Amino acid sequence: MFVELKDILFSDKGGGVTQRLLGRSHNLMAGEMIFQKGSRVMPHSHEHHQQFIYIVAGKFEIQCGDEKRILGPGDCLYAAPGEIHGTLGLEDNSILLDIHNPIRYDLIEDERNKPARADDPRHK
């Protein structure tokens, strides 16, 4: 399966976080999340999903369980099902690759119900 930029679902999650769903199969999905400095995804867990986070650009403070670390490009994190994790962007335009198994239908439906940001040059 090939996915072209013009076909990627994109949404503004609010609070300085944007997301592009890059692709999915029946049991795996990948997304790119872009954080502005100070933006965050509050600590949470997924009862039936495992998640892998790879830092593409910028810096993040990421919590996994009871531990917090500063991560930068090339660093990664694995959150097991039920494990608390959260993310704080420490620099503008910090980017992470977010991979879930199984796929998160809630994110797909959320993306479909939000209009794309026309001012994002990567979405044209």
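It should be emphasised that the depicted structure is a prediction, and the values quoted were computed from it without experimental measurement.

A. Local environment of the overall build of the protein chain. In terms of regular secondary structure, the protein chain is built from 1 helix and 10 strands. For the protein chain, the succession of helices and strands along the chain, N to C, is β-β-β-β-β-β-β-β-β-β-α. Residue burial in the protein chain is summarised as follows: out of 124 residues, 37% are buried. Across the protein chain, every contact between residues at least 6 apart in sequence was considered, and the portion connecting residues at least 24 apart equals 65%. Here the protein chain displays about 7100 Å² of accessible surface, and carbon together with sulfur accounts for 54% of that area.

B. A look at the pairing of strand S9 (residues 85-89). In terms of burial, S9 is a largely internal element, 5 of the 5 residues being buried. Relative to S9, strand S4 (residues 40-44) runs antiparallel, the two being bridged by 3 bridges. The residue bridging Arg 40 from the neighbouring strand is Leu 88, located in S9. Bridging between strand S6 (residues 60-64) and S9 involves 5 bridges; their strand directions are antiparallel. If you follow Cys 64 over to S9, its bridge partner there is His 85.

C. Representation of the layout of surface pockets within the structure. One number sums up the size of the largest pocket: a volume of about 210 Å³. Elements that contribute at least two residues to the lining of the largest pocket include exactly strand S3 (29-35), S4, strand S5 (50-57), S9 and strand S10 (94-101). Class assignment for the residues of the lining of the largest pocket results in 6 nonpolar, 8 polar and 3 charged.

D. View of the side chain of His 85. Tracing the chain through its elements places His 85 in strand S9. Its relative accessible area of 3% is what places His 85 among the buried residues. A polar contact is formed between the side chain of His 85 and the side chain of His 46, at a distance of 3.3 Å.

E. Expanded view of the side chain of His 100. With respect to the helices, strands and loops of the structure, His 100 is situated in strand S10. With residues up to four places along the chain from it excluded, the contact list for His 100 reads Asn 27, Leu 28, Met 29, His 46, Gln 50, Gln 51 and Leu 107.

F. Up close: the nonpolar core. Membership of the largest hydrophobic core is limited to 11 residues, which are Val 17, Met 33, Phe 35, Ile 53, Ile 55, Phe 60, Ile 62, Cys 64, Leu 71, Leu 77 and Leu 96. Contributions of two or more residues to this core are made by S3, S5 and S6. A per-element tally of this core places S6 first, with 3 residues.

G. Structural view of a nonpolar patch on the surface. Taken together, the side chains of Phe 52, Tyr 54, Val 56 and Tyr 78 make up a nonpolar region of the molecular surface, amounting to roughly 350 Å² of accessible area. In terms of residue count, S5 provides more of the nonpolar patch than any other element does, 3 residues in total. With respect to the helices, strands and loops of the structure, Phe 52 is situated in strand S5. The exposure class of Phe 52 is partly exposed, given its relative accessible area of 32%.

H. The confidence of the model for the protein chain, seen in detail. Summarising the model, the protein chain shows a mean pLDDT of 85, and 86% of its residues fall at 70 or more. Of the regions scoring below 50 in pLDDT, residues 115-124 engages in 16 contacts with residues more than four places distant in sequence or in other chains.

Quick notes on the rules
Residues numbered from 1 in each chain as written. Predicted model: local features only at pLDDT ≥ 70, side-chain atom pairs only at ≥ 80, totals over all residues. Heavy atoms only, no water. Helix = DSSP H or I, 4+ residues; strand = E, 2+ residues; numbered from the N terminus. Buried < 20%, exposed > 50% of the residue type's maximum accessible area, 1.4 Å probe, protein only. Contact = heavy atoms within 4.5 Å. Areas by Shrake-Rupley, 256 points an atom, 1.4 Å probe, with all protein chains shown as cover. Pairing = 2+ DSSP bridges. 1 Å grid on protein atoms, 1.4 Å probe; cavity = no way out; pocket = protein on both sides within 12 Å on 5 of 7 lines; lining within 4 Å. Points joined across faces, edges and corners; volume = space filled by probe spheres on them. Nonpolar A, V, L, I, M, F, W, Y, C, P; charged D, E, K, R; others polar. Polar contact = N/O pair within 3.5 Å; in protein donor to acceptor, adjacent residues only side chain to side chain. Core = buried A, V, L, I, M, F, W, Y, C linked by side-chain atoms within 4.5 Å. Patch = residues over 30% accessible without salt bridge, like charges linked within 9 Å, V, L, I, M, F, W, Y side chains within 5 Å. Salt bridge = Lys/Arg side-chain N within 4 Å of Asp/Glu carboxyl O. pLDDT = per-residue confidence, 0-100.

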